[in-house]
Amino acid sequence: GRRKEFQIQDCWVTFADECVDYPKWGGEDWVPSISDSIVARVRTSGIVTEQFDMEGVTFNVYDVGGQRAERRKWIHCFDNVTAM
């Protein structure tokens, strides 16, 4: 199954509350809000890097696998960190 692809523990209450408004929330014409996007989770493994420029400043965003067993793969990403 696809269960391993998603984690909803942290946002389960919000998700359950919003499902009451289906199809307004989650239906074919639904457009996710910023809040919906923030609480959405997709399980990752390893390190995924995204780079973007904003007003001439380059930002590197690192998505690291959050499980304890994954830490050895990404702990070095925090060397010389200047912002979080």
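Parameters and conventions
- Residues numbered from 1 in each chain as written.
- Predicted model: local features only at pLDDT ≥ 70, side-chain atom pairs only at ≥ 80, totals over all residues.
- Heavy atoms only, no water.
- Helix = DSSP H or I, 4+ residues; strand = E, 2+ residues; numbered from the N terminus.
- Buried < 20%, exposed > 50% of the residue type's maximum accessible area, 1.4 Å probe, protein only.
- Contact = heavy atoms within 4.5 Å.
- Areas by Shrake-Rupley, 256 points an atom, 1.4 Å probe, with all protein chains shown as cover.
- Pairing = 2+ DSSP bridges.
- Patch = residues over 30% accessible without salt bridge, like charges linked within 9 Å, V, L, I, M, F, W, Y side chains within 5 Å.
- Salt bridge = Lys/Arg side-chain N within 4 Å of Asp/Glu carboxyl O.
- Phe/Tyr/Trp six-rings, centres within 6.5 Å; stacked < 30°, edge-to-face > 60°.

**Points about the overall build of the protein**
- Helices and strands together make up the secondary structure of the protein, namely three helices and two strands.
- For the protein, the residues scored as buried account for 11% of the 84 residues in total.
- The long-range share in the protein, meaning contacts at least 24 apart out of those at least 6 apart in sequence, stands at 36%.
- Looking at the protein as shown, the accessible area adds up to about 7,600 Å², and 54% of this sits on carbon and sulfur atoms.

**Quick notes on the pairing of strand S1 (residues 47-54)**
- Examined bridge by bridge, S1 and strand S2 (residues 57-64) share eight bridges and lie antiparallel to one another. Note on S2: the bridge partner recorded for Met54 is Val57.
- Hairpin connection from S1 to S2: two residues lie between these consecutive antiparallel strands, with Glu55 at a positive phi of about 55°.

**With respect to a nonpolar patch on the surface**
- Nonpolar side chains collect at one region of the surface, where Phe52, Met54, Val57, Phe59 and Val61 lie side by side and expose about 410 Å² of accessible area between them.
- Listed by contribution, the elements that provide at least two residues to the nonpolar patch are S1 and S2.
- Along the polypeptide, Phe52 turns up in strand S1.

**Section: the packing of aromatic side chains**
- Following the criterion strictly, the structure yields one aromatic pair and no others.
- Each ring, one from Phe52 and one from Phe59, has its centre 5.4 Å from the other, and the planes form 15°; the classification is stacked.
- Exposure remark for Phe52: the relative accessible area of 36% places this residue in the partly exposed category.

**Description of the environment of Asp53**
- Residue placement: Asp53 occurs in strand S1.
- Given the relative accessible area of 57%, Asp53 is considered exposed.

**Description of the environment of Thr44**
- For Thr44, the position within the fold is in the loop between helix H2 (34-39) and S1.
- Between the alpha carbons of Thr44 and Asp63 there is a distance of 7.7 Å; along the sequence they are 19 residues apart.
- Setting aside anything within four residues of it in sequence, one finds Thr44 in contact with Asp63, Val64 and Gly65.

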